[in-house]
Amino acid sequence: MSSGRSAPRRLLDWLRPSPRAVDWSIFVAVLLAAGSGVLSFLGMRPAWLGVFWFHRAVGLSLTVLIGFKLARVRHRLTDSRQWQTSTALSVSLALTAAATIGTGVIWVFGFTPELPYFHFLSLHVGLGLLLVVLMVAHQRTRFRPPRRVDFDRRRTTMQYSVLLVAGAVTYRGQQLLNSLLKTPGDERRLTGSKRESGSGNGSFPVTSWVADSPEPVDLSAYELTVDGAVDQPLALAYEDLDPDRSTAALLDCTSGWYTEQEWRGLDIGSLLDAVEPEQAATHVRFVSVTGYRWSLPIEEARDCLLATHVGGDRLAHGHGRPIRLVAPGRRGFQWVKWVERVEVRTHGDPAQWLATLVSGF
Ligand SMILES: Nc1nc2c(c(=O)[nH]1)N[C@H]1C(S)=C(S)[C@@H](COP(=O)(O)O)O[C@H]1N2
Ligand SMILES: [Mo]
């Protein structure tokens, strides 16, 4: 009975779904958090803001659900007579969940502890992926299918709405706290990325995905090929890379930093005009000397740049010398460095996801 209990306690009791519902909700919430986390890497225009909000709100709701869960299973951990082999997995899972949420919270407050090898946000991403794996393994050790009776439709809908709204309100409150306390989080972009100020090669990090770190490109042997579904394929030597356009564009890396730079280089629209794409052409693929590659719809590619310079400097090797893609409005991982081939195509390139991840190995 709830009589005699305090109001917050009664609210918590009302909010708490049945044990099985808690377990399944955690399962679904973790998948939603991981899914929205991955999705958040794909866009950076204001329209994408909802994805970032959702990710943060689900993450915070998860804290409450895990609280319910831990309160229920506490005795299995504190009483050593109840330990089983699967207890070790459960404990790792709980710790990983705490670390994932903890690194996320530290990040939104704007703190970016320096780590060897990793950017701090990448640690959050890695922990989140580990969490999904551990959770699936854990689910297999104690699988109970969800049942209708665990979910009273009206009450469950109310419970989840309250949880999600509470998550969103907490997030908003956290932002207010950021601006009141003037934490570094106050200056974050909508993607959560931290500003790197200054201009030119030295003013922002060199970031390569996983294992993509080639030797400096041999400029005397270098050739940029523009071919594929075109009538007049073209090859340009290093000396022929004549910059004909400048543009200001913001590079925002998923490891959590961004920079605004003036980029100078070859206008891709003019390059495409020169090679005369076929009628059926729909995409343009940019391929690095390392095999790393990305494709853009041809209309979007026309507005992009193949940069030879940044902030007045000739690109340093780390930033993609002799030439790199500048794709305004796209996240950093799509800005292919050390481009050696521009290929006009009649379809997209779904395999680029894999090629990008394994490139360099
Ligand atoms: N060939 C190649 N291009 C690449 C990468 C890479 O690993 N290989 N990393 C991408 C990522 S994740 C980002 S954020 C930007 C970083 O550019 P920068 O190193 O000049 O800062 O380059 C992109 N282009
Ligand atoms: Mo990146």
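Everything that follows concerns the structure shown earlier in this document.
Residues numbered from 1 in each chain as written. Chains lettered and ligands numbered in written order. Predicted model: local features only at pLDDT ≥ 70, side-chain atom pairs only at ≥ 80, totals over all residues. Heavy atoms only, no water.

1. Section: the pairing of strand β8 (residues 305–310)
Inference 1: β8 sits mainly inside the fold: 6 of its 6 residues count as buried.
Inference 2: Across 5 bridges, strand β5 (residues 257–267) lies against β8 in antiparallel orientation. What sits directly across from Trp263, in β8, is Val310.
Inference 3: For β8 and strand β10 (residues 324–326), the ladder comprises 3 bridges, and the chain directions are antiparallel. Its bridge partner lying in β10, Leu305 is registered against Val326.
Inference 4: As paired strands, β8 and strand β9 (residues 313–314) are joined by 2 bridges and run antiparallel to one another. Within β9, the residue paired with His309 across the bridge is Arg314.
Inference 5: Where β8 folds back on β9, the antiparallel hairpin that results is connected by 2 residues, among which Gly311 adopts a positive phi of roughly 50°. (Buried < 20%, exposed > 50% of the residue type's maximum accessible area, 1.4 Å probe, protein only. Helix = DSSP H or I, 4+ residues; strand = E, 2+ residues; numbered from the N terminus. Pairing = 2+ DSSP bridges.)

2. Notes on the packing of aromatic side chains
Inference 1: Here the structure, examined in full by the defined rule, presents 8 aromatic pairs.
Inference 2: Measuring from ring centre to ring centre gives 5.4 Å for Trp24 and Phe27, while their planes differ by 70°; the resulting arrangement is edge-to-face. Of the two residues, Trp24 and Phe27 both sit in helix α2 (residues 19–40), 3 residues apart, roughly one turn of that helix. One exposure class covers both Trp24 and Phe27, and it is buried.
Inference 3: Ring centres of Phe204 and Trp263 lie 6.1 Å apart, and the angle between their planes is 75°; on these two criteria the pair is classed as edge-to-face. In this pair, Phe204 sits in the loop between β1 (194–195) and β2 (223–228) while Trp263 sits in strand β5, placing the two residues 59 residues apart along the sequence. Across the pair, exposure class does not vary: Phe204 and Trp263 are buried alike. (Phe/Tyr/Trp six-rings, centres within 6.5 Å; stacked < 30°, edge-to-face > 60°.)

3. Some details on the pattern of salt bridges
Inference 1: Evaluation of the coordinates by the stated rule reveals 17 salt bridges.
Inference 2: For the salt bridge of Arg9 with Asp13, the shortest nitrogen-to-oxygen distance reads 4.0 Å. On the criterion of helical spacing, the pair formed by Arg9 and Asp13 is a turn pair, its members being 4 residues apart in helix α1 (residues 7–15).
Inference 3: Owing to a relative accessible area of 40%, Arg9 belongs among the partly exposed residues under this scheme.
Inference 4: Arg330 is the salt-bridge partner of Glu300, the closest N and O atoms lying 2.6 Å from each other. Residue Glu300 is found in helix α8 (residues 298–302), and its partner Arg330 is found in the loop between β10 and β11 (339–345); the two are separated by 30 residues along the sequence.
Inference 5: Among the residues examined, Glu300 registers a relative accessible area of 22% and is labelled partly exposed. (Salt bridge = Lys/Arg side-chain N within 4 Å of Asp/Glu carboxyl O.)

4. Comments concerning the packing of helix α3 (residues 49–78) against helix α4 (residues 85–108)
Inference 1: Packing of α3 against α4 brings their axes to within 11 Å, and their N-to-C directions diverge by 150°. With respect to each other, α3 and α4 are oriented roughly antiparallel. Relative to α4, the crossing made by α3 is left-handed. For the pair α3 and α4, contact is made by Arg56, Gly59, Leu62, Thr63, Ile66, Leu70 and Leu77 and by Thr87, Val91, Ala94, Ala97, Ile101 and Val108, respectively. (Axes fitted to C-alpha atoms, helices over the stretch in contact; angles between N-to-C directions. Parallel < 35°, antiparallel > 145°, perpendicular 65-115°, else oblique. Left-handed = near helix turned anticlockwise from the far one by under 90°. Contact = heavy atoms within 4.5 Å.)

5. Some remarks on the nonpolar core
Inference 1: Counting residues in each nonpolar core, the largest one holds 46 residues, and the members touching the most others are Leu224, Trp263, Phe286 and Leu306.
Inference 2: Counting residues in each nonpolar core, the second largest holds 21 residues, with Val30, Val58, Phe68 and Ala97 among its members. (Core = buried A, V, L, I, M, F, W, Y, C linked by side-chain atoms within 4.5 Å.)

6. Regarding the site of ligand 1
Inference 1: Inspection of the region around ligand 1 gives 22 residues, with Pro205, Trp209, Asp212, His319 and Lys337 positioned closest.
Inference 2: One of the backbone N or O atoms of Thr207 is found 2.8 Å from an oxygen atom in ligand 1.
Inference 3: Side-chain polar atom of Lys337 to an oxygen atom of ligand 1: 2.5 Å apart, as the coordinates give it.
Inference 4: Here ligand 1, which alone exposes 530 Å², has 100% of that area covered by the protein. (Near = heavy atom within 4 Å. Polar contact = N/O pair within 3.5 Å; in protein donor to acceptor, adjacent residues only side chain to side chain. Areas by Shrake-Rupley, 256 points an atom, 1.4 Å probe, with all protein chains shown as cover.)

7. What to know about helix α7 (residues 268–275)
Inference 1: Burial in α7 covers these residues: Ile268, Gly269, Leu271, Leu272 and Val275. End-on, the buried residues of α7 take up no more than an arc of 160°, which puts them together on one face.
Inference 2: Glu276 occupies a position one or two residues after α7 and carries a positive phi of about 55°. (Arc of directions from axis to C-beta.)

8. Section: the environment of Thr156
Inference 1: Mapping Thr156 onto the fold places it in helix α6 (residues 153–181).
Inference 2: Classification of Thr156 as buried rests on a relative accessible area of 11%.
Inference 3: Spatially, the C-alpha atoms of Thr156 and Val344 are 51 Å apart, while their sequence positions differ by 188 residues.

9. Concerning the side chain of Gln139
Inference 1: Tracing the chain through its elements places Gln139 in helix α5 (residues 120–141).
Inference 2: Not counting chain neighbours up to four residues away, the residues in contact with Gln139 comprise Trp24 and Phe27.

10. Thoughts on the sheet that holds β2
Inference 1: Spatially, β3-β2-β11-β6-β7 is the arrangement adopted by the 5 strands of the open sheet, whose pairing is mixed. Two strands lie at the open edges of the sheet, namely β3 (234–237) and β7 (293–297), each paired on one side alone. The sheet shows a mean angle of 15° between the axes of neighbouring strands, direction not considered.
Inference 2: Of the strand pairs in this sheet, β2 and β3 are connected by 4 bridges, and their pairing is antiparallel.

Spatial relationships are all this shows, so hold off on functional conclusions.
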